[in-house]
Amino acid sequence: MERGDFRGAKACGKGFWISLLLFLCLITTQVKGSIHEYRNEAFTTKSNAFFFHGGSEGLYASKASRHLDSSASSQSGKSFIRFEGVTFRRTKESASRQEGMQTSTGVVEAIILDVKDRERIGGAFLKTSAICCNHTLAETGSCKLGEVIFQKNLENPSWPRVIKTDFAGRAEEAKLEADEIEINSNGMYYLYFMFCNPELKGTVINGRTVWKNPNGYLPGKMTPLMTFFGIMSLAYLVLGLAWFLRFVQFWKDIIHLHYHITAVIALGMCEMAVWYFEYANFNSTGLRPMGITLWAVTFTTVKKTLSRLLLLVVSMGFGVVRPTLGGITSKVLLLGLVYFIASEALELIEHLGNINDFSKKTKVFVVLPVVFLDSCFILWIFSSLSKTLEKLQMRRNMAKLELYRKFTNALAVSVLLSIAWIGFELYFNATDPLSELWQVAWVIPAFWTLLAYSLLVVICVLWAPSHNPTRYAYSEGEDLDEEGISLTTGDIASKLERNALVEDLEEDKRE
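Rules and cut-offs
Residues numbered from 1 in each chain as written. Predicted model: local features only at pLDDT ≥ 70, side-chain atom pairs only at ≥ 80, totals over all residues. Heavy atoms only, no water. UniProt positions renumbered as here; feature names shortened; annotations may be inferred. Helix = DSSP H or I, 4+ residues; strand = E, 2+ residues; numbered from the N terminus. Contact = heavy atoms within 4.5 Å. Buried < 20%, exposed > 50% of the residue type's maximum accessible area, 1.4 Å probe, protein only. Axes fitted to C-alpha atoms, helices over the stretch in contact; angles between N-to-C directions. Parallel < 35°, antiparallel > 145°, perpendicular 65-115°, else oblique. Nonpolar A, V, L, I, M, F, W, Y, C, P; charged D, E, K, R; others polar. Disulfide = S-S within 2.5 Å. Polar contact = N/O pair within 3.5 Å; in protein donor to acceptor, adjacent residues only side chain to side chain. Phe/Tyr/Trp six-rings, centres within 6.5 Å; stacked < 30°, edge-to-face > 60°. Lys NZ or Arg CZ within 6 Å of the ring centre and 35° of its normal.

The protein chain is annotated in an unreviewed UniProt entry as lung seven transmembrane receptor family protein from Salix viminalis. The UniProt entry for the protein chain carries the following text under Subcellular location (unreviewed entry): "Membrane".

Below, the structure written as structure tokens:
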């Protein structure tokens with residue numbers, strides 16, 4: 001093995017224990033979804049207000065008018081945000097300082113707004129940085145003292161929607177009445193709980209809110225992905241069927257590489273099907289089922305890992321230039337194991353927990369190991385491809401050389417597309433911090449699935465089973481006509497393979 005390869009594999013293994021620790025921590029995470037739960041959550045200070053972010057999701061407008069009953073059938077086609085058991089508990093010290101006969105000794109406001117109306121909350125439209133109304137602003141009649149400043153939308157006077165909950169007398173607890181806010185226009189909606197009275201400092205919130213789209217509980221920016229996964233399931237099924245027919249037709253000429261490709265296709269079929277089922281279940285219940293989500297995440301991680309290992313071993317010439325990987329095998333397996341753990345951690349933190357509610361810093365912390373390991377794969381793949389092409393040129397195996405040149409070109413195009421898409425993704429996230437483009441955000445993850453599928457199709461076409469497997473089956477090939485000798489059967493094949501195996505094993509020892 002080359003020294004550079006060894007150093008690369010050794011460096012890639014440094015994140016193993018960190019990734020393992022992250023994985024063990026993440027598997028205990030509770031699975032939630034469009035149901036946002038609040039469990040003794042504290043309010044934070046901003047300007048002269050105290051606020052708590054209750055959630056944010058893209059919602060489509062209702063397709064049906066509001067019904068009087070709340071049966072399951074009446075919910076069809078309706079988009080809403082529903083408050084269930086939301087209560088506010090202040091400290092005993094705060095409650096004891098109030099007069100028992102007062103009907104309102106503190107108010108908490110639940111504010112629902114479309115992100116495009118964000119400037120209507122707070123005093124921005126009054127040329128002030130204050131969020132809560134003060135004496136000066138109250139004297140001008142612009143707002144009500146002790147409440148959040150907001151400006152009604154003239155085109156839709158009922159928005160932003162404000163729901164007030166009062167503490168009565170010395171009561172420590174105030175309950176927000178169960179309410180359901182119907183959504184009648186597409187938008188990225190944010191929910192904030194806010195209060196202005198400093199005496200309520202230390203108040204916590206309990207309960208939950210349910211967010212629903214017209215066709216189910218799946219968040220708006222995830223809704224197109226369910227259809228996408230359904231289409232990709234069919235695409236993998238078609239690819240698998242075509243590969244299976246070819247596999248059966250030429251089963252006598254099958255090489256080890258074909259079994260690796262078959263495994264990746266099968267995992268891709270399972271991955272897409274499980275994701276579609278997971279999204280469909282999420283859409284119907286509003287919760288991400290722990291078992292199904294873990295299976296979907298694991299299928300994705302295993303397929304990603306095996307796909308990268310397949311690209312790596314193909315680039316090394318496994319089954320084409322060399323019959324085994326020799327001493328490199330353990331390094332390849334170690335890199336695959338570390339990548340599996342790091343990728344599993346990233347997938348879990350992305351798909352478990354409340355939608356939009358996990359820390360971006362936490363995500364960055366688990367993204368970095370995956371980015372580093374992907375870089376290791378790319379460098380090792382292209383380094384191995386360079387050596388394989390050089391070896392084929394020296395052996396004058398023109399058929400295999402042409403095959404690998406096509407593979408190299410396809411891989412180079414995919415890397416360039418990946419770099420360009422990463423740049424676009426960074427630009428997209430930087431210019432859309434509030435998810436105003438939520439309706440097209442599904443394209444970001446969909447691209448990577450399409451790219452992986454396209455690369456797999458290229459490999460299937462280039463290494464398709466045939467009656468003439470010698471163009472990609474292992475042989476020395478310097479003095480023999482590759483197009484005329486089958487290396488999968490016969491004494492000549494066995495002799496060539498034994499001689500070549502000895503040569504490559506000796507070469508591996510020298511590396």
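Engineer: When you look at the UniProt feature "transmembrane region" (unreviewed entry) in the protein chain in this model, what are you seeing that I'm missing?
Structural biologist: Per the UniProt record, the feature "transmembrane region" (unreviewed entry) sits at residues 225–245, 257–277, 332–352, 364–386, 407–428 and 440–464. Between the end C-alpha atoms of residues 225–245 the distance is 30 Å, and the span holds 100% helix and 0% strand. With 80% helix and 0% strand, the stretch residues 440–464 has end C-alpha atoms that lie 36 Å from each other.

Engineer: It is not clear to me how the side chain of Ser 418 should be interpreted in this structure. Could you clarify?
Structural biologist: Considering the arrangement of structural elements, one finds Ser 418 in helix H10 (residues 398–431). When neighbours within four sequence positions are excluded, Ser 418 is seen to be in contact with Trp 448 and Leu 451.

Engineer: I keep staring at the side chain of Glu 147 and nothing clicks. Help me out?
Structural biologist: Here Glu 147 lies in the loop between helix H4 (135–139) and strand S6 (161–166). For Glu 147, a relative accessible area of 12% puts it in the buried group. Apart from the residues lying within four places of it in its own chain, the contact partners of Glu 147 are Glu 109, Ile 131, Cys 132, Cys 133, Lys 164 and Cys 196.

Engineer: Whenever I open this one, the packing of helix H5 (residues 223–249) against helix H11 (residues 443–462) confuses me. Can you help?
Structural biologist: Describing two packed helices takes the angle between their axes plus the distance from one axis to the other. Look at H5 against H11: their axes get within 12 Å of each other, and the N-to-C directions meet at 5°. Taken together, H5 and H11 sit at an angle that is classed as roughly parallel. Packed against H5, whose contacting residues are Leu 225, Phe 228, Met 232, Ala 235, Tyr 236, Leu 239 and Trp 243, the element H11 presents Pro 445, Ala 446, Thr 449, Leu 450, Tyr 453, Leu 456, Val 457 and Cys 460 at the interface. For the contact of H5 with H11, a count of residues per class yields 14 nonpolar, 1 polar and no charged.

Engineer: Would you mind showing me how to read the state of the cysteines here?
Structural biologist: Cysteine pairs can be linked by a disulfide, which is a covalent bond between their two sulfur atoms. Under the defined criterion, the tally for this structure stands at 2 disulfides. Two residues share a disulfide in this structure: Cys 132 and Cys 196, whose sulfurs sit 2.0 Å from each other. One disulfide, between Cys 132 and Cys 196, carries an S-S torsion of -85° and so falls in the left-handed class. Of the two residues, Cys 132 is situated in the loop between strand S5 (107–114) and H4 and Cys 196 in the loop between strand S9 (187–195) and strand S10 (204–212); the sequence distance between them amounts to 64 residues.

Engineer: What exactly am I supposed to notice about the environment of Arg 208 here?
Structural biologist: Relative to the elements of secondary structure, Arg 208 occurs in strand S10. Owing to a relative accessible area of 29%, Arg 208 belongs among the partly exposed residues under this scheme. For the pair Arg 208 and Glu 84, spaced 124 residues apart in sequence, the C-alpha separation works out to 5.5 Å. Beyond its immediate chain neighbours, meaning those up to four positions away, Arg 208 contacts Ile 35, His 36, Glu 37, Tyr 38, Arg 82, Phe 83, Glu 84 and Val 86. At 2.7 Å, the side chain of Arg 208 forms a polar contact with the side chain of Glu 84.

Engineer: I would appreciate a short explanation of the packing of aromatic side chains in the present structure.
Structural biologist: Within a pair of aromatic rings, the relevant descriptors are the distance that separates the centres and the angle that separates the planes. In total, this model carries 28 aromatic pairs according to the counting rule given. Each ring, one from Tyr 236 and one from Tyr 453, has its centre 4.9 Å from the other, and the planes form 70°; the classification is edge-to-face. Taken together, the positions of Tyr 236 in helix H5 and Tyr 453 in helix H11 put the pair 217 residues apart, joining distant regions of the chain. Exposure remark for Tyr 236: the relative accessible area of 0% places this residue in the buried category. Here Phe 447 and Trp 448 contribute two aromatic rings whose centre-to-centre distance is 5.2 Å and whose plane-to-plane angle is 75°, an arrangement assigned as edge-to-face. A residue is classified by how much of its surface remains accessible, and Phe 447, at 17% relative accessible area, is buried. A network of ring pairs unites the aromatic residues Tyr 38, Phe 43, Phe 50, Phe 52, Phe 83, Phe 88, Phe 193 and Phe 195 as a single cluster. One Lys or Arg, Arg 161, reaches over the ring of Trp 159 and ends 5.2 Å from the middle of that ring.

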